[in-house]
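Structural overview for review
So the chains spell out like this:
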2 protein chains.
Amino acid sequence: MSNEEVQSEAFSAESYFATQPPPASLEEDVARAREFIQKQISQGRKVVLVTSGGTTVPLELNVVRFLDNFSAGTRGATSAEYFLKAGYSVIFMHRQFSLQPFSRHYSHSTHPFLDFLDVDDSEEPAQIDVKAAEHTQLIEVLSQYKRVQKAGTLHTLTFVTVNDYLWLLRAVSQELVPLGRLAMFYLAAAVSDFFLPRQKMSEHKIQSGKGSLHIEMDQVPKILKPLVNEWTREGYIVSFKLETDETLLVPKARKALARYGHQVVIGNDLHRRKFEVVFVSPKGGRPVLDENGEAEPDPSQFAESWVHIDPATNPTREIEEDIVAELVRRHRVWTGES
Amino acid sequence: MSNEEVQSEAFSAESYFATQPPPASLEEDVARAREFIQKQISQGRKVVLVTSGGTTVPLELNVVRFLDNFSAGTRGATSAEYFLKAGYSVIFMHRQFSLQPFSRHYSHSTHPFLDFLDVDDSEEPAQIDVKAAEHTQLIEVLSQYKRVQKAGTLHTLTFVTVNDYLWLLRAVSQELVPLGRLAMFYLAAAVSDFFLPRQKMSEHKIQSGKGSLHIEMDQVPKILKPLVNEWTREGYIVSFKLETDETLLVPKARKALARYGHQVVIGNDLHRRKFEVVFVSPKGGRPVLDENGEAEPDPSQFAESWVHIDPATNPTREIEEDIVAELVRRHRVWTGES
């Protein structure tokens, strides 16, 4: 079966939004995001939308079971911090319970905060002390967090399902239009390729007659196409590609750029993603479109640059610091500042 | 299709463990649990195994997608704290990233701990202060946590998949045998009914030819049967039943008791589970067995007792405090202390 036939059976973005219901909190979420964006515009700030974490696909209307591709959200939460440090305002749109900027340093499983507090009951009333070994890092994280809160440059949005994600992404990208080229999209969330349309949910309910569970799902629409062509025409769009075969990274990134016409694909190899990524972009920043996505793009029309860090010589360095620095530089070019 | 035919197509516990691979960390986890249990025995403590959170069902060998029935783990984490307060040692076997005793009070999404710390930079070096409004609760939680750490009465085990859960439950229950009647099983985890056998994983891989995803799963074996009959013969076993139709709670609980022969089913209605539960148990503590699970059990052979709390008059009370108090009382009867 050819790709075209696959396309014909997949939901287009248009048919998706025409048939799938918006999340209940959408209007309120969008109103709060709009208010945040207006404030950033009035202060002349650049805004980056960071998406983070995985998405769920409910199998039942009263959600008990769901398909998931959980991601801890490390890349998104870490990058958000570096964007804030670089002076960006951040809309952090993340999967419920995935990591968040600042608090990510104290995850309950790897670095629980109760472990670095002590009770000093030599005084009355008893005092709470921070253990000496933790003091330096906590002061640093806490000070940054308080600065960001005071400046009002971080706005958080939460999604759970892939449907929440799609509706929110569309609505927020439309709200970012007034920023023009000052908006960046950093699409680090791991989004499900498949979903169960609301209309099929009763059909697809657990069929336990044979003692087994049957599920059949549809493809999620390719959202980068309308994002680039309709929802935002000037925003700087960064998508991610995660592969387990490193040799596929660059060719697949080129194909995505040729298909969707956005600015950068950051390629990650699953096992090396914390130490190495590749930036792939069209030469001269001009998209090389092949909307059918059939032809193998001409490599000479694309540029690659690799970012590496060496955990042996600098174990605390986070590659997101270098990723964000490079994007900030490229975004300045995009906005015409340099 | 009758229930018998369903049974014949389902995995028995025996065939499950004969064909599904143990998790890589099982031996090490069991060795550490054994050490913990030995210490509790030497100190004459009762031990409760609390299971908590949901389980995942991987769809691929290199796990990207999985079926999930995520539970935040509130019941298990809260109950574990009350068991510790009641003098029990607790093996807290929980889904990775679900709530844990003590740190549950400071979840990143609802009560992030960075929000109740302040930086006081009037001093040099800067100090970290706990906000006055948070001080009382934090001192209390922290003091309990430190006491439990010092006493060494809490041992944590982590699972992710339903396979991890099943192997761990079997192994730990066997390690608890030396405790005899001093062991309690508080099975609060939400365990998947379905799984994808390892042997079928390649067959079941994503079939995207038609632009859709097909999955077919098998039933997870009913684990209470071997738990009661083989793995532990004296432990006091508490299982949970969650329903959306309250009228089904008691009949379904009776049926589970008649089928598996354990001591208590705690029935929860999904919408009222934080304020109301029902304890269902065989009268006189004697099981009323119907291993085929076909007949409707005779109601006169079972006793029910309801536990309610009123959030209007006491908004901070947790129903787990009453659940645990009732179980502690019943467990004393079981061990012959009263």
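Residues numbered from 1 in each chain as written. Chains lettered and ligands numbered in written order. Predicted model: local features only at pLDDT ≥ 70, side-chain atom pairs only at ≥ 80, totals over all residues. Heavy atoms only, no water.

Attention now goes to the pairing of strand E11 (residues 236-243) of chain B. Residue and element names in this part refer to chain B. By the criterion of burial, E11 is predominantly enclosed, with six of the eight residues buried. One ladder, built from four bridges, connects strand E8 (residues 183-187) with E11; its direction is parallel. Paired with leucine 187 across the bridge in E11 is serine 239. Looking at chain direction, E11 and strand E12 (residues 264-269) are connected through six bridges and run parallel. (Buried < 20%, exposed > 50% of the residue type's maximum accessible area, 1.4 Å probe, protein only. Helix = DSSP H or I, 4+ residues; strand = E, 2+ residues; numbered from the N terminus. Pairing = 2+ DSSP bridges.)

Here we come to the packing of aromatic side chains. For the structure shown, the criterion picks out 29 aromatic pairs over all chains. Ring geometry for phenylalanine 83 of chain A versus tyrosine 88 of chain A: centroids 5.4 Å apart, planes at 65 degrees, classification edge-to-face. Tyrosine 88 of chain A shares its class with phenylalanine 83 of chain A; the two are buried. Ring geometry for phenylalanine 113 of chain A against phenylalanine 116 of chain A: centres 6.3 Å apart, planes inclined by 65 degrees, an arrangement best described as edge-to-face. Chaining the aromatic ring pairs together yields one cluster made of Tyr106, Phe113 and Phe116 of chain A together with Tyr106, Phe113 and Phe116 of chain B. (Phe/Tyr/Trp six-rings, centres within 6.5 Å; stacked < 30°, edge-to-face > 60°.)

Under the criterion given, the structure shown has 32 salt bridges over all chains. Measuring nitrogen to oxygen at the nearest pair gives 2.9 Å for the salt bridge that ties arginine 272 of chain A to glutamate 276 of chain A. The partly exposed category is assigned to arginine 272 of chain A, whose relative accessible area is 34%. Glutamate 304 of chain B serves as the salt-bridge partner of arginine 254 of chain B, at 3.4 Å between the closest nitrogen and oxygen. Taken together, the residues span a long stretch of sequence, with arginine 254 of chain B in helix H8 (residues 249-260) and glutamate 304 of chain B in strand E14 (residues 302-308) at a distance of 50 residues. One connected set of salt bridges, linked through shared partners, spans Glu81, Arg104 and Glu318 of chain A. (Salt bridge = Lys/Arg side-chain N within 4 Å of Asp/Glu carboxyl O.)

Note on the identical chains: chain B maps onto chain A by a rotation of 180 degrees and an axial translation of 0.0 Å, with an RMSD of 0.0 Å. In symmetry terms, the pair is related by a two-fold rotation axis. Minimal C-alpha separation from the rotation axis in chain B is found for leucine 67 of chain B, amounting to 2.2 Å. The share of interface residues of chain B whose copies in chain A are also at the interface is 100%, consistent with both copies meeting through the same surface. (Least-squares fit on C-alpha atoms with pLDDT ≥ 70 in both. Contact = heavy atoms within 4.5 Å.)

Grouped together as the largest cluster of nonpolar side chains are 114 residues, with contacts concentrated most on Ile91 and Leu176 of chain A together with Ile91 and Leu176 of chain B. Beyond its immediate sequence surroundings of up to four residues, isoleucine 91 of chain B is in contact with Phe36, Ile37, Val47, Val48, Leu49, Val50, His155, Leu157, Val172 and Leu176 of chain B. Judged by nonpolar contacts, the second largest core, of 86 residues, contains Met184 and Phe279 of chain A together with Leu84 and Ile323 of chain B. (Core = buried A, V, L, I, M, F, W, Y, C linked by side-chain atoms within 4.5 Å.)

Here we come to the sheet that holds strand E12 (residues 264-269) of chain A. All names here are of chain A. What the eight strands build is an open sheet, ordered E7-E4-E1-E8-E11-E12-E13-E14; its pairing is mixed. Pairing within the sheet leaves two strands with one partner each, and these edge strands are strand E7 (154-159) and strand E14 (302-308). Within this sheet the neighbouring strands show an average axis-to-axis angle of 20 degrees, counted without direction. Direction of pairing for strand E1 (residues 47-52) relative to strand E4 (residues 89-95): parallel, over a ladder of six bridges. (Axes fitted to C-alpha atoms, helices over the stretch in contact; angles between N-to-C directions.)

This brings us to the interface of chain B and chain A. Listed per partner, the contact involves 57 residues of chain B and 57 residues of chain A. When the two sides are added together, the surface that chain B and chain A hide from each other amounts to roughly 5100 Å², 65% of it contributed by carbon and sulfur. Together, His108, Leu114 and Ile128 of chain B form the three largest contributors to the area buried by chain B at its contact with chain A, with a combined 13%. Counting across the chain B and chain A interface gives four salt bridges. Lysine 146 of chain A is paired through a salt bridge with aspartate 118 of chain B; the nearest N and O atoms lie 3.9 Å apart. Between chain B and chain A we count 12 residue pairs in polar contact (both at pLDDT 80 or more) in total. (Buried area = accessible area lost by both parts, 1.4 Å probe. Polar contact = N/O pair within 3.5 Å; in protein donor to acceptor, adjacent residues only side chain to side chain.)

Right, let's talk about the sheet that holds strand E2 (residues 56-58) of chain B for a bit. Strand order in the open sheet formed by four strands is E2(A)-E3(A)-E3(B)-E2(B), and the pairing between neighbours is antiparallel. On the outer flanks of this sheet lie strand E2 (56-58) of chain A together with E2 of chain B, each paired with one strand and no other. Between one strand axis and the next, the sheet turns through 25 degrees on average, direction left out of account. Relative to strand E3 (residues 66-68) of chain A, E2 of chain A runs antiparallel, the two being bridged by three bridges. Bridge assignment links proline 58 of chain A to a residue of E3 of chain A, and that residue is phenylalanine 66 of chain A.

A few words now on the confidence of the model for chain A. The predicted coordinates ought not to be read in detail in places where the model reports low pLDDT. Residues of chain A with pLDDT of at least 70 account for 94%, and the chain-wide mean is 89. Low pLDDT, under 50, characterises residues 1-8 of chain A; the predicted model gives this stretch nine contacts beyond four residues in sequence or across chains. (pLDDT = per-residue confidence, 0-100.)

A few words now on the side chain of threonine 78 of chain A. Residues and elements named next belong to chain A. By the secondary structure assignment, threonine 78 is in helix H4 (residues 74-85). Among the residues examined, threonine 78 registers a relative accessible area of 1% and is labelled buried. Setting aside residues no more than four positions away along its own chain, threonine 78 makes contact with Arg104, Glu318 and Glu320.

With that out of the way, let us pick up the side chain of aspartate 164 of chain B. Residue and element names in this part refer to chain B. Its location among the elements puts aspartate 164 in helix H6 (residues 162-175). One buried charged residue, aspartate 164, forms no salt bridge at all, with the nearest opposite charge on arginine 198 at 7.5 Å. In this structure the side chain of aspartate 164 is engaged in a polar contact, spanning 3.0 Å, whose partner is the backbone nitrogen of valine 160. Non-local contacts of aspartate 164, meaning those with residues more than four positions away in its chain, are made with Pro23 and Phe159. (Lys, Arg positive; Asp, Glu negative; His and termini not counted.)

Residue and element names in this part refer to chain B. Taking 1.5 Å of rise per residue, the 20 residues of helix H5 (residues 132-151) would be expected to cover 28 Å, and the 29 Å separating its terminal C-alpha atoms lies within 8% of that figure. When the local axis directions of H5 are compared, the greatest deviation, roughly 30 degrees, occurs at leucine 138. Of the residues making up H5, those classed as buried are Glu134, His135, Leu138, Ile139, Val141, Leu142, Ser143, Gln144, Tyr145, Lys146 and Val148. At the C-terminal side of H5, glycine 152 shows a positive phi close to 65 degrees. (Expected span 1.5 Å × (residues − 1). Bend = angle between axes of the 7 residues up to and from the residue.)

To continue, consider the domain arrangement of chain A. Residues and elements named next belong to chain A. Taken domain by domain, chain A holds domain 1 (1-102 + 150-234) and domain 2 (241-338). A separation of 21 Å is found between the C-alpha centroids of domain 1 and domain 2. Each side of the interface is counted separately: domain 1 has 22 residues, and domain 2 has 23 residues. Carbon and sulfur atoms supply 56% of the area that domain 1 and domain 2 bury against each other, a total of about 2100 Å² over both sides. The largest per-residue losses of area from domain 1 upon contact with domain 2 belong to Arg75, Tyr82 and Arg181, which jointly make up 31% of the total buried on that side. Linking domain 1 with domain 2 are two salt bridges. With a shortest N-O distance of 3.2 Å, glutamate 320 and arginine 75 are connected by a salt bridge. (Domains from an automatic or database assignment.)

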